[in-house]
Amino acid sequence: MKIVDIQMGDLIIPLKKPFKTALRTVNAVEDVVVKIITDTGHVGYGEAPPTAVITGDTTGAIKWAIEKHIKPQLIGMEIENFEEMMIRLDKTLVKNTSAKAAVDIALHDLYGQLYNAPLYKLLGGYRKEIITDITISVNDPEEMARDSIEAVKLGYRTLKIKVGKDAKMDIKRMKAIREAIGYDVDLRIDANQGWKPKEAVYSLRKMEDAGLNIEFVEQPVVAHDFEGLKLVTDNVSIPVLADESVFSAKDAMTIIQMRAADLINIKLMKTGGIHNALKICSIAEVYGVECMIGCMLESKLSVTAAVHLAAAKSIITKIDLDGPVLCAENPIEGGATFEEYKITLSDSPGLGFKEVKGVDFS
Ligand SMILES: C[C@H](N)C(=O)N[C@@H](CCC(=O)O)C(=O)O
Ligand SMILES: [Mg+2]
């Protein structure tokens, strides 16, 4: 199974509601889809979102990195020579993790097809069904309470609440949500780097004192401030999860050894794909640090790859793979099945895609 072509196209899907975090507001998924074609007629699919505020990756940069740097390294290579392809993907350029992730995902899709097995089984095969949370965008407290009630009615048992815009208002937001939904539903919060370290300690302690029962807080402070993250971790009881602070296996090692966070959020778009995400899983296993698997604003294509990884690895105990359910349409046939909170894998080879509609690869 030899690679003969790598093609790209644009995938645009409107969201059900605007997605709002401390970092950005988005109305649609606008991602790059990668299609790798082999001499045997097999096709592997991957996807890259241009999440410039987090990864630095833009649509143009993703396409250029793949067309001019990655593609020439991979054309003509045999899929069975997998390790060599992963080395080339890593070494051909630094950073550009979303472009690398899209290609890594498509290559893993083909790897599963080569051995006629679903990817999650090749990676460990721990389970085939997982349960995701759903994200509640940051808005005024009343609107967030309404959105939370709606999510609970749809069956979600865990809500991920976006905060980080204004520490005092964030406490009001969390009180309004808890009051609206009661205590049977788990609440995790994501400040997306929006607080200063001491501000984070202040608001999290207030949430503790109010008995809001927060499962964990995600990325309270700016990504590069590992010391600030540690200050928060050392001074609150709510567990701290590192998201934007951890892209690479090296970042994970540093954060864990510093004890700067209690948990790690793995996202394929930060690691550059499954190959490097597996390294973070191994490090986390060594230190007994549980991981969450997350996504950016991504469709079912790349999120299916994250589902396979989560289904394979027991160290991934928390799931934030709600990208596909935030989308108003689904142009992808095959892959994982998303029924609100319940995500199920089929036993089709690779990632199991049948068709990607509405993307022009010419
Ligand atoms: C979509 C997911 N639940 C999520 O919140 N992901 C990111 C932000 C993604 C983005 O801005 O595209 C996160 O910070 O965890
Ligand atoms: Mg986050």
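- The protein chain goes by Dipeptide epimerase in an unreviewed UniProt entry, where it is assigned to Alkaliphilus hydrothermalis.
- Regarding the protein chain, the UniProt comment filed under Sequence similarities (unreviewed entry) reads as follows: "Belongs to the mandelate racemase/muconate lactonizing enzyme family."

**Thoughts on the packing of aromatic side chains**
The geometry of an aromatic ring pair is captured by two quantities: the separation of the ring centres and the angle between the planes.
So, point 1. Scanning the model with the defined rule gives five aromatic pairs in all.
So, point 2. Pairing Tyr111 with Tyr115 gives two aromatic rings, centres 5.4 Å apart and planes at 80°, and the pair type is edge-to-face.
So, point 3. Tyr111 gets classed as partly exposed once you look at its relative accessible area, which sits at 24%.
So, point 4. According to the relative accessible area criterion, Tyr115 is partly exposed, its value standing at 43%.
So, point 5. Centre to centre, the rings of Tyr156 and Tyr341 are 6.0 Å apart; their planes meet at 80°, and the pair counts as edge-to-face. Of this pair, Tyr156 sits in the loop between helix H6 (141-153) and strand E6 (158-162) while Tyr341 sits in the loop between strand E14 (337-339) and strand E15 (342-344); the two residues are 185 residues apart in sequence, bridging distant segments of the chain.

**Considering the environment of Ala284**
So, point 1. Structurally, Ala284 is set in helix H12 (residues 274-287).
So, point 2. Ala284 sits 59 residues away from Ile343 along the chain, and the two C-alpha atoms are 24 Å apart.

**A look at the confidence of the model for the protein chain**
So, point 1. Mean pLDDT over the protein chain stands at 98; residues scoring 70 or higher make up 100%.
So, point 2. What the predictor reports for the complex is a pTM of 0.98 with an ipTM of 0.99.

**Quick look at helix H3 (residues 82-91)**
Given 3.6 residues per helical turn, the α-helix brings residues three or four places apart onto the same face.
So, point 1. Taken together, the buried positions of H3 are Phe82, Met85, Met86 and Leu89. Seen end-on, H3 carries its buried residues on one side only, within an arc spanning 100°. Exposed positions of H3 whose direction lies more than 90 degrees from the buried face are Glu83 and Lys91.
So, point 2. Here the buried face of H3 lies against strand E1 (3-20), helix H2 (59-74), helix H4 (97-114) and H12.

**Brief notes about the coordination of the magnesium ion (ligand 2)**
So, point 1. Coordination of the magnesium ion (ligand 2) by the protein comes from Asp190 (OD), Glu218 (OE) and Asp243 (OD), over a distance range of 2.1 to 2.3 Å.
So, point 2. One chain supplies every donor to the magnesium ion (ligand 2), and in sequence these donors are spaced D-x27-E-x24-D. Taken as a pair, Asp190 in strand E7 (residues 186-190) and Asp243 in the loop between strand E9 (240-242) and helix H10 (249-258) lie far apart in primary sequence, 53 residues in all.
So, point 3. With relative accessibility at 0%, the residue Asp190 sits in the buried group.

Quick notes on the rules
Residues numbered from 1 in each chain as written. Chains lettered and ligands numbered in written order. Predicted model: local features only at pLDDT ≥ 70, side-chain atom pairs only at ≥ 80, totals over all residues. Heavy atoms only, no water. UniProt positions renumbered as here; feature names shortened; annotations may be inferred. Phe/Tyr/Trp six-rings, centres within 6.5 Å; stacked < 30°, edge-to-face > 60°. Buried < 20%, exposed > 50% of the residue type's maximum accessible area, 1.4 Å probe, protein only. Helix = DSSP H or I, 4+ residues; strand = E, 2+ residues; numbered from the N terminus. pLDDT = per-residue confidence, 0-100. Arc of directions from axis to C-beta. Contact = heavy atoms within 4.5 Å. Donors = N, O, S within 2.8 Å, 3.2 Å for Na, K, Ca; no water.

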